[in-house]
Amino acid sequence: MREIDELRPLTAGRLLALWREVREAAEDPLERTVLCNARIAAACCFFRGEPVFENERAVLAALTGRQLERLLLRLAEAEPGPEGTGNPSFDQGRFEALREG
């Protein structure tokens, strides 16, 4: 796998937009899932500030299914990036309160 020194999580809105784009590109549910995951990886992986992958096809050519899965797990567990890269209206305290019930 190529070297990655930064994972930049996407907003929920961007994830939804990627899913919608892929939904129109592939009919098979498994193919849609793999393509969407590859697009997410392409959008989130950086090395020295530059994207690691040009697009989802580059991800699919470079990674095995297991590597892509591990990368997405790392991304799901990643802390938000530097100030200004997240959603400025997101309230972490409120989120934690809602999560705890």
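Quick note: structure is the one above.
Attention now moves to unusual backbone geometry. Even without being a glycine, arginine 48 presents a positive backbone phi close to 55°. Along the chain, arginine 48 turns up in the loop between β2 (45–47) and β3 (50–51). Accessibility expressed as a relative area gives 68% for arginine 48, which makes it exposed.

Taken in spatial order, the three strands of this open sheet run β1-β2-β3, and their pairing is antiparallel. The two strands at the open ends of the sheet, each matched to only one other strand, are β1 (6–7) and β3. Note that β2 and β3 share two bridges and pair antiparallel. When the bridges of β3 are listed, phenylalanine 47 appears paired with glutamate 50. The strands that helix α2 (residues 29–44) touches are β1 and β2; relative to β2, the one it contacts most, it runs at about 30°.

Compared with an ideal rise of 1.5 Å per residue, which puts 13 residues at 18 Å, helix α4 (residues 65–77) spans 19 Å between its outermost C-alpha atoms and is within 8% of the ideal. Looking at α4, one finds that the buried residues are Gln67, Leu68, Leu71, Leu72 and Leu75. Buried residues in α4, looked at end-on, bunch into an arc of 135°, giving them a common side. Of the residues in α4, the exposed ones pointing more than 90 degrees away from the buried face are Gly65, Arg70, Ala76 and Glu77. Contacts from the buried residues of α4 go to β1, α2, β2 and α3 (56–62).

Okay, the packing of helix α1 (residues 12–25) against α2 next. Running from amino to carboxyl end, α1 crosses α2 at an angle of 135°, the nearest separation of the two axes being 9 Å. With respect to α2, the element α1 is oriented oblique. As α1 packs across α2, the resulting crossing turns out to be right-handed. Contact residues: Leu15, Leu18, Trp19, Glu21, Val22 and Arg23 in α1; Arg32, Thr33, Leu35, Cys36, Arg39 and Ile40 in α2. Grouping the constituent residues of the contact of α1 with α2 by class yields seven nonpolar, one polar and four charged.

Basis of the calculations
- Residues numbered from 1 in each chain as written.
- Predicted model: local features only at pLDDT ≥ 70, side-chain atom pairs only at ≥ 80, totals over all residues.
- Heavy atoms only, no water.
- Helix = DSSP H or I, 4+ residues; strand = E, 2+ residues; numbered from the N terminus.
- Buried < 20%, exposed > 50% of the residue type's maximum accessible area, 1.4 Å probe, protein only.
- Pairing = 2+ DSSP bridges.
- Contact = heavy atoms within 4.5 Å.
- Axes fitted to C-alpha atoms, helices over the stretch in contact; angles between N-to-C directions.
- Expected span 1.5 Å × (residues − 1).
- Arc of directions from axis to C-beta.
- Parallel < 35°, antiparallel > 145°, perpendicular 65-115°, else oblique.
- Left-handed = near helix turned anticlockwise from the far one by under 90°.
- Nonpolar A, V, L, I, M, F, W, Y, C, P; charged D, E, K, R; others polar.

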